[in-house]
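Summary of structural features
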Amino acid sequence: EKFDGLLMTVVQQSQGINGFFEAFFGFLRRKTDFYAQPESGKQLLDKSFNAQLETFKEQQRIKEAKQKAAEEKKKREQELKNQKVVEITDEEAERIAKEESARKAAQAAPPQQVQKAPEVAAVEPKKEGEEDEEEKGQVPVGNGGTTDRYIWTQTLGELTANFFIPADANGKNIKVDIGVQKLKITYKGQVYIEGEFYSKVKPDEHLWTIDTIDGRKVLNLTIDKFEGMTWWKTVLKGDPEINTKKVEPENSKLSDLDEETRPTVEKMMIDQQRKAMGMPTLEEEGKQDMLKKFMAAHPEMDFSKCKFN
């Protein structure tokens, strides 16, 4: 892994994997005696390839196992929620009876003067040309958008932009400089595209290649956002923005979250599911349990006239 940065630079300058292998094997031919014993060389390549392949398969197996375990855990939790039966204790039955008695007593009492409900101000219709804040911006495509200089897409943690470049541009006459919040693309020594990112990025976590989209040559740039779990409105400040209210939420995996964030997200998901089922959140349920225990421990106290939030 300590050579990743160097090798990535070679891949970029070689315009892809094929060019990288051409450069690599050309180097072996020019600078080493690798080809002096071709059979030994082939065996060495096969051995290295097979070793890396086995490592890749093992990593995939571990990843799939973790994902399967998380899905099974989620399924078991959902089954437990669906199977939960709400029982009424003796204390709750007594409370319900007292509330019913109080309700009947209130009905028998003389009627009180009914206060007039406050008037509700009429809502003025929008003027022609006015637009809700939620309606501003382009409708996202791939959670990104289109400008006259580039097209782009994004996930919560990563951004991919395809900048349109001249037809004769290549890895030799194109240069990309990236800072925490700055981007500069130089073509034949002249600044071609320059601007400030919508938010901070990780300059060391980026990759660019030259490609073709719909017959137009593009510089494909992929870069990690500095602050994950956020949606950008545009790539460079001042360019047309998208409406992030209409972004399609991605299916995030709990296994991808760090140890500090995952418990919080799991609790939020469980609370949302419980609310959808008409049940209290875990925190609310815990408070109710504490209150029931307190009431059971103090039968001498009358809680019938108490109101609880």
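Residues numbered from 1 in each chain as written. Predicted model: local features only at pLDDT ≥ 70, side-chain atom pairs only at ≥ 80, totals over all residues. Heavy atoms only, no water.

1. A short note on the pairing of strand E5 (residues 182-187)
Heads up, the rule is: Being paired, for any two strands, means DSSP has found at least two bridges between them. Each helix is a run of H or I in the DSSP string that is no shorter than four residues. Each strand is a run of E no shorter than two, and both are numbered from the N terminus.
With five bridges connecting them, strand E4 (residues 174-178) and E5 associate as antiparallel partners. Note on E5: the bridge partner recorded for Lys175 is Thr186. Count of turn residues in the E4/E5 antiparallel hairpin: three residues.

2. Here's the deal with the pairing of strand E6 (residues 190-196)
Where E5 and E6 come together, six bridges link them in antiparallel fashion. The residue bridging Ile185 from the neighbouring strand is Ile193, located in E6. Hairpin geometry of E5 and E6 is characterised by an intervening segment of two residues between the two adjacent antiparallel strands and by a positive phi of about 55 degrees at Lys188.

3. Structural notes on the nonpolar core
Which entries qualify depends on this criterion: Throughout this description, the term nonpolar core refers to a set of buried Ala, Val, Leu, Ile, Met, Phe, Trp, Tyr and Cys residues connected via side-chain atoms within 4.5 Å. Buried residues are those whose accessible area, probed at 1.4 Å on protein chains only, stays under 20% of the maximum for their type, while exposed residues exceed 50% and partly exposed ones sit between those limits. Residues count as neighbours in contact if any of their non-hydrogen atoms are within 4.5 Å of one another.
Ranked by internal contacts, the top residues of the largest apolar core, which has 26 residues, are Phe163, Ile174, Leu183, Leu219 and Val235. Counting residues per element, the ones that place at least two in this core are strand E2 (150-154), strand E3 (158-164), E4, E5, strand E7 (201-213) and strand E8 (216-225). Excluding its chain neighbours within four sequence positions, the residues that come into contact with Leu219 are Ala161, Asn162, Phe163, Ile165, Ile174, Val176, Ile185, Trp208 and Thr209.

Read these as layout, nothing more, since geometry by itself doesn't imply function.
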